[in-house]
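What follows is the residue order along each chain.
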Amino acid sequence: MTAAIIIDGKEVAKSIRQGLRPRIAKLKENEIVPGLAAVLVGDNPASQTYVNSKAKACDKLGMYSEVIRKPASLSQEELIEIVEGLNANRKIHGILVQSPLPEQIDEPEVTVHLSPEKDVDGFHPFNVGQMLIGRGKLLPCTPHGIIKLLEYYEISTEGKEAVVVGRSNIVGKPVAVLLMQKGKMANATVTIAHSRTSNLREVCGRADILIAAIGRANFINADMVKEGAVVIDVGINRIDDPNREKGYRLVGDVDFESVKEKASYITPVPGGVGPMTIAMLLSNTVTAAENIGC
Ligand code: GUN
């Protein structure tokens, strides 16, 4: 068995962005510049990094972007007011409220105040419901990005055993829905495992496609992976590393070094799923602008 093919998320993300250019040009012919607003509450360093890279990515494609920064003391009512202002703002086609939010804010309650047609995260219950019945227009970015990675590498999901480890609303649940759907890049037999699954090693060992989204550094090791499996690592965990200037480095949920010897394909961290999330966010913003049409 040779070592796994390393899935290059940066390359796939670039091809997605290139595909957006003619769509953006067409919108501009109609005097529409797709616009994304990101709302950042508090000073979580990882969130600041994400939001800054989203704004930069918009600039590079000639899209409009705004970042609204508010202190961690912001009230729920104030945040809802900001969201409602953006719903009515004609320059903005996509709205993203960066997670995590401070504890005084009830995140799902804020989400229902987003206009579903500007909900580029795909988190509004209307969009979640549309996705569930196979009619989603704005799909959650990370799950959709995972499907695009598989598609780019021509990895078939048809009839395959897919195991998703993690049941979050952002990744685990929606990626399971997309993989089980009827249709192209779907039709998989899906199992969702999580922290309370008693025979996790056995369940993971069944997977032709294993998706790790649990948020625990290096949690999936080679013993849990079937020979030849496709392994998608969604984790972004900081671990201390005194040899790095910042004092930490990023690792995934998968023990990359051991698993790459057993898998047929594997995503690295960083450079795997991460770049796809931003590419799909841009894609959803362009789609939202096309759908809104002004
Ligand atoms: N925090 C981490 N990932 C995401 C995401 O995809 N969307 C939002 N809004 N917040 C996040």
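Further up the page is the structure itself.
In this report, the structure presented in the accompanying data block is examined. Keep in mind it's a predicted model, so treat the numbers as computed, not measured.

1. As for the packing of helix H1 (residues 9-29) against helix H10 (residues 273-292)
Phase 1: Orientation of H1 relative to H10, taken along the N-to-C sense of each, is 15 degrees, at an axis distance of 9 Å. With respect to each other, H1 and H10 are oriented roughly parallel. Once H1 is placed against H10, the crossing between them reads as left-handed. Facing H1, whose interface residues are Gly-9, Lys-10, Val-12, Ala-13, Ile-16, Arg-17, Leu-20, Arg-23, Ile-24 and Leu-27, H10 presents Pro-275, Met-276, Ala-279, Met-280, Leu-282, Ser-283, Val-286, Thr-287, Ala-289 and Glu-290.
Phase 2: Considered class by class, the residues forming the contact of H1 with H10 number 13 nonpolar, three polar and four charged.

2. Re the sheet that holds strand S2 (residues 35-41)
Phase 1: Reading across the sheet, the three strands line up as S3-S2-S4 and stay open at both edges, with parallel pairing between neighbours. In this open sheet, the two strands that pair with only one neighbour each are strand S3 (64-70) and strand S4 (94-97). Within this sheet the neighbouring strands show an average axis-to-axis angle of 15 degrees, counted without direction.
Phase 2: Across four bridges, the pairing between S2 and S4 is parallel. Paired with Ala-37 across the two strands is Ile-95, which belongs to S4.
Phase 3: Across the sheet, helix H2 (residues 45-60) lies against S2, S3 and S4, angled at about 160 degrees from S3, the strand it touches most.

3. Overview of the pairing of strand S5 (residues 161-165)
Phase 1: Burial runs high along S5: four of the five residues are buried.
Phase 2: Where S5 and strand S6 (residues 189-193) come together, five bridges link them in parallel fashion. Looking at S6, one finds that Ala-162 is bridged to Val-190.
Phase 3: Taken together, S5, helix H7 (residues 172-180) and S6 constitute a β-α-β crossover, and its handedness is right-handed.
Phase 4: Two elements, S5 and strand S7 (residues 209-212), share four bridges in a ladder whose sense is parallel. Paired with Val-164 across the bridge in S7 is Ile-211.

4. Re the sheet that holds S7
Phase 1: Taken together, six strands build an open sheet; the order of strands is S1-S11-S8-S7-S5-S6 and the sheet is parallel. Since the sheet does not close on itself, it has two edges, and those belong to strand S1 (5-6) and S6, each with one partner.

5. Examining the site of the ligand
Phase 1: Every residue near the ligand is listed here: Leu-96, Val-97, Gln-98, Ser-99, Asp-121 and Phe-123.
Phase 2: Here a nitrogen atom of the ligand and a side-chain polar atom of Gln-98 are 3.1 Å apart.
Phase 3: Interatomic distance of 3.0 Å between a backbone N/O atom of Ser-99 and a nitrogen atom of the ligand.
Phase 4: Coverage of the ligand by the protein amounts to 81% of the 280 Å² it exposes when considered alone.
Phase 5: The residue makeup of the shell around the ligand, split by class, is three nonpolar, two polar and one charged.

6. What to know about the nonpolar core
Phase 1: Judged by nonpolar contacts, the single largest core of 54 residues is most densely connected at Ile-146, Leu-150, Leu-179, Ile-211, Ile-232 and Val-234.
Phase 2: For this core, the leading source of residues is H10, giving 10 residues.
Phase 3: The contact partners of Leu-179, leaving out residues within four places of it in the chain, are Ile-147, Leu-150, Thr-157, Ala-162, Ala-186, Asn-187, Ala-188, Val-190 and Ile-211.
Phase 4: Listed in part, the 19 residues of the second largest apolar core include Ala-193, Leu-200, Met-224 and Val-259.

Basis of the calculations
- Residues numbered from 1 in each chain as written.
- Predicted model: local features only at pLDDT ≥ 70, side-chain atom pairs only at ≥ 80, totals over all residues.
- Heavy atoms only, no water.
- Axes fitted to C-alpha atoms, helices over the stretch in contact; angles between N-to-C directions.
- Helix = DSSP H or I, 4+ residues; strand = E, 2+ residues; numbered from the N terminus.
- Parallel < 35°, antiparallel > 145°, perpendicular 65-115°, else oblique.
- Left-handed = near helix turned anticlockwise from the far one by under 90°.
- Contact = heavy atoms within 4.5 Å.
- Nonpolar A, V, L, I, M, F, W, Y, C, P; charged D, E, K, R; others polar.
- Pairing = 2+ DSSP bridges.
- Buried < 20%, exposed > 50% of the residue type's maximum accessible area, 1.4 Å probe, protein only.
- Right-handed = clockwise from strand over helix to strand, strands pointing away.
- Near = heavy atom within 4 Å.
- Polar contact = N/O pair within 3.5 Å; in protein donor to acceptor, adjacent residues only side chain to side chain.
- Areas by Shrake-Rupley, 256 points an atom, 1.4 Å probe, with all protein chains shown as cover.
- Core = buried A, V, L, I, M, F, W, Y, C linked by side-chain atoms within 4.5 Å.

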